[in-house]
Protein chains: 2
Amino acid sequence: MTKVNILGGYQTKFGELWDKSIYSLAKEAINGVLKDAKISAKQIDIIFVASKLSGETTGQSHLGSLAAEILGINVPSFRVEAACASGGLATTLGYESVKTDRFKTALVLGVEKMTDVSTPEITKFLMQAGDNEKEENSGITFPGIYAIMARVYMEKNKMTRKRLSEISVKNHFHGKLNPLAHFQKEIALEAAINSSMVADPLNLFDCSGLSDGAAAIVLSSSLKESNSSVEIIGSGVASDTLSLQDRESFFELKSTRLAAKKAFKEAKIKQKDIGIIELHDCFTIAEILALEDMGFIEKGKYGLTKIEDFYYNGKLPVNTSGGLKACGHPVGATGVKQIVEVYKQLKGKCGKRQVKNARFGLTHNVGGSGGTAVVHILQANS
Amino acid sequence: MTKVNILGGYQTKFGELWDKSIYSLAKEAINGVLKDAKISAKQIDIIFVASKLSGETTGQSHLGSLAAEILGINVPSFRVEAACASGGLATTLGYESVKTDRFKTALVLGVEKMTDVSTPEITKFLMQAGDNEKEENSGITFPGIYAIMARVYMEKNKMTRKRLSEISVKNHFHGKLNPLAHFQKEIALEAAINSSMVADPLNLFDCSGLSDGAAAIVLSSSLKESNSSVEIIGSGVASDTLSLQDRESFFELKSTRLAAKKAFKEAKIKQKDIGIIELHDCFTIAEILALEDMGFIEKGKYGLTKIEDFYYNGKLPVNTSGGLKACGHPVGATGVKQIVEVYKQLKGKCGKRQVKNARFGLTHNVGGSGGTAVVHILQANS
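Residues numbered from 1 in each chain as written. Chains lettered and ligands numbered in written order. Predicted model: local features only at pLDDT ≥ 70, side-chain atom pairs only at ≥ 80, totals over all residues. Heavy atoms only, no water.

(A) View of the pairing of strand S8 (residues 230-239) of chain B. All names here are of chain B. Taken across its 10 residues, S8 has 10 buried, putting it largely inside the fold. The sheet contact formed by strand S1 (residues 4-11) and S8 spans 3 bridges and is antiparallel. Note on S8: the bridge partner recorded for Asn5 is Glu231. (Buried < 20%, exposed > 50% of the residue type's maximum accessible area, 1.4 Å probe, protein only. Helix = DSSP H or I, 4+ residues; strand = E, 2+ residues; numbered from the N terminus. Pairing = 2+ DSSP bridges.)

The structure is reproduced here in structure tokens:
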């Protein structure tokens, strides 16, 4: 099989970008990634665009055509949607298209506008990712769904609420070190613990925010600078039921477990080899479940770890971008941004939040409450 | 490269299906195609779901997870959106996954609910497929955009309006022969010519309707009944600008031309070999442009043909299902339904509308006014 090199990565500022349209965000990310990859638009053979809500929030869907128009090319172009895992799945399709040698160079773009509509509207749009009949119609929204997971996890494994807040504090600390993050302020543990309750036990600081933003990567079998390349060496996608109530477990994401298993098998490396992780912390509890479901921590044993281990200068840095919590969560862009962050970390380009001695990195992106999960493993070639 | 066999195809009734949810339509198509393919859900390795509007019209997106839930499996599952070409693009991704030998068996599902919302709402949702800034904000909708194409074509090539109405009459005639079609009534040429004007020169009978419906196919490298198989031997996708105004020509779809060229190259056959076509007649003018852009008729010369040639018993049968015009146009399902129709024709299972002596068939699916086009070529193996 052909090698899948990451030629370039670009992230726009994430935040409440009221002066940016979906078109302008897409254009900035596309032009940015072409520059970073040092290639021209004509070298792109196929395009995958991730967006969950562009039709609903901006009146513009059909983003495959929009991306081709920005590039000024006529190549095949696809929009992929899998709720908040859209970016990860678009990356998988780009990876497959290059790995199978059907296309030489793929551009993957994730873009989302979320802050131009009202909170009730965006809440309704986001619930499209859950089960319409069993969940939305009963009145529950995602904070409530993840609160059930958190409650079950905490009761079952005797974990304190403080451990959730520590994750929020860590990710906000990382966000402060990331000039592209939506939230660039440190928060105190006491503030995190005592913030307003959203869905018990999850409070305001346990929840990721609503952001606008875009990110893009270029994947290619062709490589100029062979000395300092990063390649994707494993990709795994798995599905599960839309609704939490139909699952076998309330504190394990089967889709994450299966996706990670597949990605590690393809990459032919082990969990202990990973030096940097960007994972899907839509709520703080999700960071705990992901670390366990991917095999980094034994199921139910997160309580035995120390939060220091997961800081950028710890044993296993997690969410150095700030994660969904502090970097922000423009849903369709998140999965692509995760690849950009790990790519930049493996290239040594992350400034104040740079991790040391990482050769392998991992990204983990979830759709809904686990209806979709996707894991990628990246390797730095020295 | 591995062969991509169509193991089965299924279409639900198309129409105003107010008693069917998106879930029940998806379930009917999935169970129907498994039965037709004579396989179990566990034999499916990957899923692609096409839908343009499910979030907007039903509050349910994340259909990859929904399809996996219906099947009761945890395999990779993707939703693809490219406006009205969503079904064609999902088919392409299924084709690629099998052809490259990364997956053995793919299920492709197209599903759409359009008739549970008001006409102003659905009109607005459909315009997400055009250019939001340049087209929708100026007040134009798709009948107007295609009317410009029709006007330019007619003026430039001295073609009469009657030739448009003949297409509508033909496709309604075919619809009468298709028990799954939305509209199963013949219409008189005079009625078609004199129906209410929508966007000059396109009148009511020049426009496809709004439908609910689903269709599914199973693609596989593995084949049981080798005697009577149909395989996909060519696939081409191309993109163009979102807006008509940015195109090089107003009466040629460059995306169609490029997609057809690629599909024919891969299939290693010529236009003269094709014995049955399902093409994207969202408006009658689109049938003319498609036949020319794909090389079946010289550009501008449709006026020299006879409509009899395109009936199911003519020289080159076009839209024997009734096309988008009479079979109906549940936008995300259409591209998959086209494959189902040609598959059934090549298997000799189309009853009263059965074409004779076709060995090769072609499908053509367009997104927006040509921002995306996709062509597939099918071959019956005797």
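(B) Layout of the interface of chain B and chain A. Listed by partner, the interface residues are 62 residues for chain B and 62 residues for chain A. In total, about 4,300 Å² of surface goes out of reach between chain B and chain A, with carbon and sulfur atoms giving 46% of it. Joining chain B to chain A, the criterion identifies 8 salt bridges. In this structure, the salt-bridge partner of Arg102 of chain B is Glu96 of chain A, at a minimum N-O distance of 2.7 Å. (Contact = heavy atoms within 4.5 Å. Buried area = accessible area lost by both parts, 1.4 Å probe. Salt bridge = Lys/Arg side-chain N within 4 Å of Asp/Glu carboxyl O.)

(C) Layout of the relation of the copies chain B and chain A. Least-squares fitting of chain B to chain A yields an RMSD of 0.0 Å, with the superposition described by an axial translation of 0.0 Å and a rotation of 180 degrees. Read as a symmetry element, the transformation amounts to a two-fold axis. Minimal C-alpha separation from the rotation axis in chain B is found for Val80 of chain B, amounting to 2.4 Å. Take the interface residues of chain B: 100% of them recur as interface residues in chain A, which is what a same-surface contact looks like. (Least-squares fit on C-alpha atoms with pLDDT ≥ 70 in both.)

(D) Representation of helix H7 (residues 162-176) of chain A. Taking 1.5 Å of rise per residue, 15 residues should cover 21 Å, and H7 of chain A covers 21 Å from first to last C-alpha, within 8% of that figure. For H7 of chain A, the set of buried residues is Arg163, Leu164, Ser165, Glu166, Ile167, Ser168, Val169, Lys170, Asn171, His172, His174 and Gly175 of chain A. (Expected span 1.5 Å × (residues − 1).)

(E) Highlighting the pattern of salt bridges. Scanning the entire structure with this criterion turns up 48 salt bridges over all chains. Linking Lys134 of chain A and Asp246 of chain A is a salt bridge whose minimum nitrogen-to-oxygen distance equals 2.5 Å. Remark: Asp246 of chain A occurs in the loop between strand S8 (230-239) and helix H9 (254-267) and Lys134 of chain A occurs in the loop between helix H5 (119-126) and helix H6 (142-157); sequence separation between them is 112 residues. Asp246 of chain A gets classed as partly exposed once you look at its relative accessible area, which sits at 34%. Residues joined by salt bridges that share partners form a network here, namely Glu69 of chain A together with Lys134 and Asp246 of chain B.

(F) Focus on the environment of Asn31 of chain B. All names here are of chain B. Residue position: Asn31 is located in helix H1 (residues 22-37). Judged by its relative accessible area of 41%, Asn31 is partly exposed. Note: C-alpha distance between Asn31 and Leu71 (40 residues apart in sequence) is 8.4 Å.

(G) A look at the packing of aromatic side chains. All names here are of chain A. Across all of its chains, the model carries 14 aromatic pairs over all chains by this definition. Taken together, a centroid distance of 6.4 Å and an interplanar angle of 20 degrees make the contact between Phe173 and Tyr312 stacked. With Phe173 in helix H7 and Tyr312 in the loop between helix H10 (284-293) and helix H11 (323-326), this pair connects stretches of sequence that are 139 residues apart. Among the aromatic residues, those joined into a cluster by ring pairs are Phe173, Tyr311 and Tyr312. (Phe/Tyr/Trp six-rings, centres within 6.5 Å; stacked < 30°, edge-to-face > 60°.)

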